Amino acid sequence: FDMTILLEFLNEHALSIDFGMFLLIWIVQVIIYPAFRQINETNFIIYHRSYCNAIGFFVIPVMACQLIGTSAACFFSIDNLIWVKMLAVIGAWVVTFLTSAPCHRQLQAGKNAAVIERLIRTNWWRTFLWSLVFLVSLVSYYQ
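The structure reproduced in this document is the subject of the present report. Within every chain, residues take consecutive numbers counted from 1 along the sequence as written. Since the coordinates come from a predicted model, pLDDT governs what is reported: local features require at least 70, and pairs of side-chain atoms require 80 or more to be given and counted, while whole-chain, interface and lining totals use all residues. Think of the side-chain values as coming from all heavy atoms in the structure, minus any hydrogens and water.

## Quick look at the nonpolar core
In summary, soluble globular proteins display a tendency toward joint burial of nonpolar side chains. This is how the line gets drawn: Buried residues of nine kinds, namely Ala, Val, Leu, Ile, Met, Phe, Trp, Tyr and Cys, make up a nonpolar core once their side-chain atoms join them within 4.5 Å. Relative accessible area decides the class of each residue, using a 1.4 Å probe on protein chains only: under 20% of the type maximum gives buried, over 50% gives exposed, and in between gives partly exposed. Under the DSSP-based scheme used, a helix requires at least four consecutive residues in state H or I and a strand at least two consecutive residues in state E, with every element numbered from the N terminus. Whether two residues are in contact is decided by their heavy atoms, any of which lying within 4.5 Å being enough.
Counting residues in each nonpolar core, the largest one holds 26 residues, and the members touching the most others are Tyr33, Phe36, Tyr51, Leu107 and Trp130. Listed by contribution, the elements that provide at least two residues to this core are helix H2 (14-35), helix H3 (41-76), helix H4 (81-107) and helix H5 (113-142). When residues in this core are grouped by element, the largest group, 7 residues, is from H5. Once residues within four sequence positions are removed from consideration, Phe36 is found in contact with Phe44, Tyr47, His48, Tyr51, His104, Leu107, Lys111, Ile116 and Leu119.

Put into C-alpha cells, the structure is as follows:
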C-alpha cells in the first residue's frame, strides 16, 4: 500500500470531500434532527438506532478522509488557509465527540425532547465549522 497515492487522491479531491461533508451536515441540521421531534416514542429507539448505523456508513469515511487529507496538506502546503481549515476540522470533531455523540448515546435509551433540542442547538457549531471548511476549500481551489 502506497500512502503517497492516498494522499494525492485526498488532495486532488479535497473540494469534493469537503462539499460532501457540507451537504451531509446541512441535511442533518435542517431535515434529520428536526424530524426526531416528530417520531413517536414507541418507534423512536428503533428509528434512532437505524439512523445512527446508516448515517455512520456515510459520515465516518468522509470525516476520516477530510481529517487525513487536511492533516497532510498542513505539512505539504505553505498556504495559511490550510491551518484555518485544519482548526475547523478539529473543532467539528471535538463538537462531534464531546457534544453530539453523548446526545446520541442518551437518545439510545428513548425519546427525550430536551436532548433532541440540545442536539439541534449544538449541531449549529458543527454546521458552521463544516461550512467554514468547505468555504476555505473553495477559496483554496480557486486561488
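## A look at the packing of aromatic side chains
Stated precisely, the cut-off is as follows: Pairing of aromatic side chains here covers Phe, Tyr and the six-membered ring of Trp, requires ring centres within 6.5 Å, and sorts the geometry by plane angle: under 30 degrees stacked, over 60 edge-to-face, intermediate tilted.
Taken as a whole, this structure holds 13 aromatic pairs when the rule is applied. With centroids separated by 5.5 Å and ring planes inclined at 80°, the aromatic side chains of Phe36 and Tyr51 adopt a geometry described as edge-to-face. Remark: Tyr51 occurs in helix H3 and Phe36 occurs in the loop between H2 and H3; sequence separation between them is 15 residues. Geometrically, the ring pair formed by Phe57 and Phe58 is edge-to-face, given 5.4 Å between the ring centres and 90° between the ring planes. The exposure class of Phe57 is exposed, given its relative accessible area of 62%. Since its relative accessible area comes to 49%, Phe58 is described here as partly exposed. One aromatic cluster is present, built from ring pairs that chain together Phe19, Phe22, Trp26, Trp124 and Phe134.

## Considerations on H2
Going by this rule: Here the expected length of a helix is defined as 1.5 Å per residue gap, with one fewer gap than residues. In this analysis the local bend is the angle between axes fitted, respectively, to the seven residues ending at and the seven residues starting at the residue.
Relative to the 32 Å expected for 22 residues at 1.5 Å per residue, H2 spans 30 Å between its end C-alpha atoms, a close match to the ideal helical length. A maximum bend of about 45° is found in H2 at Val28. Those residues of H2 that sit buried are Ala14, Ile17, Asp18, Met21, Leu24, Ile25, Val28, Gln29, Ile32, Tyr33 and Pro34.

## Thoughts on empty space enclosed by the protein
Filter applied, for reference: For cavity detection a 1 Å grid was placed over the protein atoms alone, and a set of points counts as a cavity when a 1.4 Å probe fits there but cannot get out; an open set counts as a pocket when protein lies on both sides within 12 Å along at least five of seven lines, with lining residues being those that have an atom within 4 Å of a point. Grid points are joined across faces, edges and corners, and a volume is the space filled by probe spheres set on the points. Gly is placed with the polar residues, together with every amino acid not listed as nonpolar (Ala, Val, Leu, Ile, Met, Phe, Trp, Tyr, Cys and Pro) or charged (Asp, Glu, Lys and Arg).
For the coordinates displayed, the defined rule picks out 1 cavity of 30 Å³ or more. In this structure, the largest cavity spans a volume of roughly 40 Å³. Lining the largest cavity, in full, are Leu10, Ala14, Ile17, Asp18, Cys65, Gln66, Gly69, Thr70 and Lys85. Of all the secondary structure elements, the ones that give two or more residues to the lining of the largest cavity are H2 and H3. Looking at the lining of the largest cavity element by element, the count peaks at 4 residues for H3. Class assignment for the residues of the lining of the largest cavity results in 4 nonpolar, 3 polar and 2 charged.

## Some details on the packing of H2 against H3
Basically, it comes down to this: Simply put, an axis is a line fit to the C-alpha atoms, just over the touching stretch for a helix, and the angle between two N-to-C directions goes from 0 to 180 degrees. In this scheme, roughly parallel covers angles under 35 degrees and roughly antiparallel covers those over 145, while 65 to 115 is roughly perpendicular and the rest are oblique. Should the near helix be turned anticlockwise from the far one by less than a right angle, the crossing is termed left-handed; should it be turned clockwise, right-handed.
Between H2 and H3, the shortest axis-to-axis distance is 9 Å and the interhelical angle comes to 150°. Relative to H3, the element H2 is oriented roughly antiparallel. The element H2 and its partner H3 pack so that their crossing is left-handed. Taking contact as the criterion, the partners of Ile17, Asp18, Met21, Leu24, Val28, Ile32 and Tyr33 in H2 are, on H3, Tyr51, Ile55, Phe58, Val59, Val62, Met63, Cys65 and Gln66.

## Structural notes on the environment of Asn11
With respect to the helices and strands, the residue Asn11 is situated in helix H1 (residues 3-12). Overall, the relative accessible area of 55% leaves Asn11 in the exposed class. With 110 residues separating them in the primary sequence, Asn11 and Arg121 have C-alpha atoms 32 Å apart.

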